[in-house]
Amino acid sequence: MALSMLGVLAAAGGDALAQSGATPIRVVAFGDSLVAGYGLKPGEAFPAQLQAALRARGYDVTVANAGVSGDTSGKGLARVERAVPPGTDLTIVEFGANDIFRGVPPRTTERNLDAILSHVGKVSKATVLAGMVAPPNLGNDAARAFAPIYRRLADRRSAALYPFFLKGVAGQTSLNLGDGIHPNAAGVKRIVDGIMPTVVSELRKLEGRRSAVD
């Protein structure tokens, strides 16, 4: 019986062993419609797919969906205290697309995101900042002004940076809904696959801190 159980645990992989008996990891995905899952079924949205992918790796994790369609960085700032509660282990912050399309000045977006990250840093053990890129049709000036925001913020607030949330998805017809803006379920899977190494890296750092405390 003992040998049989050991075989099952070994087959589950190292991550599962590391998470066995641990307190569940609390992740909050905080953002706009790209997080909320606009036009998708609940199980197809980014938080649900990320949770499933992490659990498949053996992580005992819950990923809360704190996305609201239409939110700008300013609206996100107005609700960050409700959206990201104390005791959160990892927060993924994703804003910027609506700021770009609505012509919010980049300096305003940066100021709002800085305030969001300031709060998140006080209540969450780790943060991943997901960047956004201005589309080419808005002109080079917009792209140049927006591009450096996320790196500056990540460095300033000690957040892990995933430079472009829609990497590999933006502009791909087969990975987006009919509006050409919001990812479909396959597009969300591509996003999860892309951001996964960054998320897992932060979770492993958290594991290391827990082990040091224990």
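Each value, and the rule that gives it
- Residues numbered from 1 in each chain as written.
- Predicted model: local features only at pLDDT ≥ 70, side-chain atom pairs only at ≥ 80, totals over all residues.
- Heavy atoms only, no water.
- Helix = DSSP H or I, 4+ residues; strand = E, 2+ residues; numbered from the N terminus.
- Buried < 20%, exposed > 50% of the residue type's maximum accessible area, 1.4 Å probe, protein only.
- Contact = heavy atoms within 4.5 Å.
- Areas by Shrake-Rupley, 256 points an atom, 1.4 Å probe, with all protein chains shown as cover.
- Pairing = 2+ DSSP bridges.
- Axes fitted to C-alpha atoms, helices over the stretch in contact; angles between N-to-C directions.
- Arc of directions from axis to C-beta.
- Patch = residues over 30% accessible without salt bridge, like charges linked within 9 Å, V, L, I, M, F, W, Y side chains within 5 Å.
- Salt bridge = Lys/Arg side-chain N within 4 Å of Asp/Glu carboxyl O.
- pLDDT = per-residue confidence, 0-100.
- Lys, Arg positive; Asp, Glu negative; His and termini not counted.
- Polar contact = N/O pair within 3.5 Å; in protein donor to acceptor, adjacent residues only side chain to side chain.
- Parallel < 35°, antiparallel > 145°, perpendicular 65-115°, else oblique.
- Left-handed = near helix turned anticlockwise from the far one by under 90°.
- Nonpolar A, V, L, I, M, F, W, Y, C, P; charged D, E, K, R; others polar.

### Describing the overall build of the chain
Turning to step 1, where the next piece is worked out: Of regular secondary structure, the chain possesses ten helices and five strands.
Turning to step 2, where the next piece is worked out: Sorting the 214 residues of the chain into buried and exposed places 47% on the buried side.
Turning to step 3, where the next piece is worked out: Put simply, 78% of the contacts in the chain that link residues at least 6 apart link residues at least 24 apart.
Turning to step 4, where the next piece is worked out: When the accessible surface of the chain is totalled, it reaches about 10500 Å², and 56% of it is carbon and sulfur.

### So, the sheet that holds strand β3 (residues 88–94)
Turning to step 1, where the next piece is worked out: Taking strand neighbours across the sheet as the criterion, the five strands line up as β2-β1-β3-β4-β5 in an open arrangement whose pairing is parallel. What marks the edges here is a single partner per strand, and that holds for β2 (61–67) and β5 (160–162). Across the sheet, the axes of successive neighbouring strands diverge by a mean angle of 20°, strand direction being ignored.
Turning to step 2, where the next piece is worked out: The pairing of strand β1 (residues 25–31) with β3 spans five bridges and is classified as parallel. Its bridge partner lying in β3, Val 28 is registered against Thr 91.
Turning to step 3, where the next piece is worked out: Most of the contacts of helix α4 (residues 46–56) go to β2, to which it runs at about 165°, and overall it touches β1, β2 and β3.
Turning to step 4, where the next piece is worked out: Where helix α7 (residues 106–123) meets the sheet, its contacts fall on β1, β3 and β4 (124–130), and the angle it forms with β4 comes to roughly 150°.

### Quick word on helix α9 (residues 149–157)
Turning to step 1, where the next piece is worked out: Along α9, the positions that sit buried rather than exposed are Ile 149, Tyr 150, Leu 153 and Ala 154. In an axial view of α9, the angular spread of the buried residues amounts to 120°, which keeps them on one side of the axis.
Turning to step 2, where the next piece is worked out: Residues of α9 that are buried in the fold lie against α7, β4, α8 (140–146) and β5.
Turning to step 3, where the next piece is worked out: Immediately beyond the C-terminal end of α9, within one or two residues, lies Ser 158, with a positive phi of roughly 55°.

### Here we look at a nonpolar patch on the surface
Turning to step 1, where the next piece is worked out: Taken together, the side chains of Phe 101, Leu 138 and Ile 181 present a nonpolar region at the surface, about 280 Å² in accessible area.
Turning to step 2, where the next piece is worked out: Along the chain, Leu 138 turns up in the loop between β4 and α8.

### Describing the confidence of the model for the chain
Turning to step 1, where the next piece is worked out: For the chain, per-residue confidence averages 89 on the pLDDT scale, and residues scoring 70 or more make up 87% of the total.
Turning to step 2, where the next piece is worked out: This stretch, residues 1–20, has a pLDDT under 50; its non-local contacts, to residues over four places away or in other chains, come to 13 contacts.

### Here we look at the side chain of Asp 32
Turning to step 1, where the next piece is worked out: For Asp 32, the position within the fold is in the loop between β1 and α3 (33–36).
Turning to step 2, where the next piece is worked out: No salt bridge is formed by the buried Asp 32; the nearest opposite charge belongs to Arg 79, separated by 8.0 Å.
Turning to step 3, where the next piece is worked out: Here Leu 34 takes part through its backbone nitrogen, which lies 3.0 Å from a polar atom of the side chain of Asp 32.
Turning to step 4, where the next piece is worked out: Filtering out sequence-adjacent residues up to four positions away, Asp 32 remains in contact with Gly 67, Val 68, Ser 69, Asp 71, Glu 94, Phe 95, Gly 96, Ala 97 and Asn 98.

### Looking at the packing of helix α5 (residues 73–83) against α7
If you want to describe how two helices pack, look at the angle between their axes and the distance between the axes.
Turning to step 1, where the next piece is worked out: Axis separation between α5 and α7 bottoms out at 9 Å; the angle between their running directions is 20°. By the criterion of interaxial angle, the relationship of α5 to α7 is roughly parallel. α5 and α7 meet at a crossing whose hand is left-handed. In contact with Ser 73, Gly 74, Gly 76, Leu 77, Val 80 and Glu 81 of α5, α7 contributes Thr 109, Asn 112, Leu 113, Ala 115, Ile 116, His 119 and Val 120.
Turning to step 2, where the next piece is worked out: Class assignment of the residues belonging to the contact of α5 with α7 gives a composition of six nonpolar, six polar and one charged.

### A word on the pairing of β3
Turning to step 1, where the next piece is worked out: The buried count for β3 comes to seven of seven residues, which makes it a mostly enclosed element.
Turning to step 2, where the next piece is worked out: Here β3 pairs with β4 via six bridges, running parallel. Directly across from Leu 90, in β4, lies its bridge partner Ala 126.

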